[in-house]
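One-letter residues, chain by chain:
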Amino acid sequence: MSKKMSPESLMMSYGYKPSLSEGAIKSPIFQTSTFAFESAEAGKAFFEVAYGLREKNEGEELGLIYSRLNNPDLEILENRLTLWDEAEDAAVFESGMSAITTALLQFLSPGDLILHSNPIYGGTDHFIKHVLPRFQINVIGFDPLESEEDIIQKIEASGCADRLKMVYVETPANPTNHLIDLELCRRVADYFSKEEKALVVVDNTYMGPIWQHPLKFGADLVIYSATKYIGGHSDVIAGACLGSKEHIAKIKEMRTFLGNMAGPWTGWLLLRSLETLKIRMEKQAENAAYVFNVIKDHPKVERIGYLGAIKEGTPQYEIFKKQYTSAGAMLSIILKGGEKEAFKFLNSLKLIKLAVSLGSTESLAQHPASMTHAGVDHDEKIKFGIKDSLVRLSVGVENPADLVWDIEQALEHIE
Ligand SMILES: *Cc1c(COP(=O)(O)O)cnc(C)c1O
């Protein structure tokens, strides 16, 4: 094509050749475990590339071998996912957690140090704090409002500053919506980098792949739970990791041995979801802004954590302006009262579903302190602002007037 097309224009066709599939306009589901080689020589050539026994020749693609290594539905999906973040390559997984753990296991070794932001997704938090130390990996956390100097000092005081291999970040922080400056993370990683560069890895599930593009701010790897916005219909669990060809080749090597790639059916479902990704996310953000404006001054609401509510002139606002193209579709509603009031509100919702997860077509509400963040210890909950009165709302694509009606009637049920 002579014109450079936008990702949303390419989501229906990019990376797929109908002529290879009887002219089918959509990619079939390649429900097969293995692929027939045209000749023994072709099979040998594929394996030489797959096992890194030689470099690829100019223009040579890895041939199809076995669905744990590659499959057309996954390859098309990986190609399409690179477009939003302008990444060189991508790897897809059967869950967000498998994308995260595979990246951590590939790039960390005994004696290394990982620096991570707080708070992070519960599953990731457990893996970093309780599984990595079993492999002698050192762990340090930092808070979104800590200064660059404080973070550097913390690393220097750890006694293993020369082994910093990864800065792992989630921004906005879930469920507090605090923002972290990714360029600051890059500087910290570079400050401690030796011959081997310390990687900046960003879990972009909350805002991606439309509203934040971490690679542009110096990140090396971007990770998604594709269960959330990318899948978008609360019907599939999947994950993805994006970055340079070199880094993704290493991730795929580990994926081959862990065997946690996505299956063809998952790949096909995500291809379908990607076609409507942008319009879904735009409508969700528009609905979230509408809901925020109607309920922000409600007498039963103390405050709402929302990117669109960050005050101009603050350091958080500077990060918001630089790093994000939308305020997103997540509202952290802090009610007046505590758990009793939050539960009354949640139990009174009629249209909005009481469930964890986010980024879906239907709106979902949950109680982080007792649900997604139940495993965070009490002191940390207080420190990070995960209050008993906080309800997290992921806004869907419903008619916003219906959402507001539901929220207002549920607020009325609180005594
Ligand atoms: C859901 C989620 C994950 C885990 O993804 P799964 O697809 O459930 O394995 C990781 N990070 C964030 C921010 C999430 O919201």
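Residues numbered from 1 in each chain as written. Predicted model: local features only at pLDDT ≥ 70, side-chain atom pairs only at ≥ 80, totals over all residues. Heavy atoms only, no water.

1. Regarding a nonpolar patch on the surface
Right, so step 1: The grouping of F37, F47, Y51 and L53 at the surface amounts to a nonpolar patch, some 430 Å² of accessible area in total.
Right, so step 2: Looking at the element boundaries, L53 is found in the loop between α2 (40-50) and α3 (72-85). (Patch = residues over 30% accessible without salt bridge, like charges linked within 9 Å, V, L, I, M, F, W, Y side chains within 5 Å. Areas by Shrake-Rupley, 256 points an atom, 1.4 Å probe, with all protein chains shown as cover. Salt bridge = Lys/Arg side-chain N within 4 Å of Asp/Glu carboxyl O. Helix = DSSP H or I, 4+ residues; strand = E, 2+ residues; numbered from the N terminus.)

2. Considering the site of the ligand
Right, so step 1: The immediate surroundings of the ligand are formed by 14 residues, with M97, D203, S225, T227 and K228 found nearest.
Right, so step 2: Here an oxygen atom of the ligand sits 2.7 Å away from a polar atom, N or O, in the side chain of K228.
Right, so step 3: Calculation on the ligand without its partners gives an accessible area of 380 Å², and the protein chains cover 93% of this total.
Right, so step 4: Sorting elements by how many residues they give to the shell around the ligand places helix α4 (residues 96-107) first, with three residues.
Right, so step 5: Across the shell around the ligand, the residue classes break down as six nonpolar, five polar and three charged. (Near = heavy atom within 4 Å. Polar contact = N/O pair within 3.5 Å; in protein donor to acceptor, adjacent residues only side chain to side chain. Nonpolar A, V, L, I, M, F, W, Y, C, P; charged D, E, K, R; others polar.)

3. A word on the domain arrangement of the chain
Right, so step 1: Domain parsing of the chain yields domain 1 (13-32 + 67-274) and domain 2 (277-412).
Right, so step 2: A C-alpha centroid distance of 25 Å is found between domain 1 and domain 2.
Right, so step 3: Counting residues at the interface gives 35 residues for domain 1, matched by 40 residues for domain 2.
Right, so step 4: Summing the contributions of domain 1 and of domain 2, the shared interface buries around 3,300 Å²; its carbon and sulfur component is 59%.
Right, so step 5: For domain 1, the biggest contributors to the area lost against domain 2 are L179, W211 and Y229; these three give 24% of the whole.
Right, so step 6: For the pair domain 1 and domain 2, the number of links is four salt bridges.
Right, so step 7: The interface formed by domain 1 and domain 2 holds 22 residue pairs in polar contact (both at pLDDT 80 or more) in total.
Right, so step 8: Among the elements of the structure, α7 (182-192) and α9 (264-275) are those that each provide at least two residues to the side of domain 1 that touches domain 2.
Right, so step 9: Split into classes, the residues belonging to the side of domain 1 that touches domain 2 amount to 17 nonpolar, 13 polar and five charged. (Domains from an automatic or database assignment. Contact = heavy atoms within 4.5 Å. Buried area = accessible area lost by both parts, 1.4 Å probe.)

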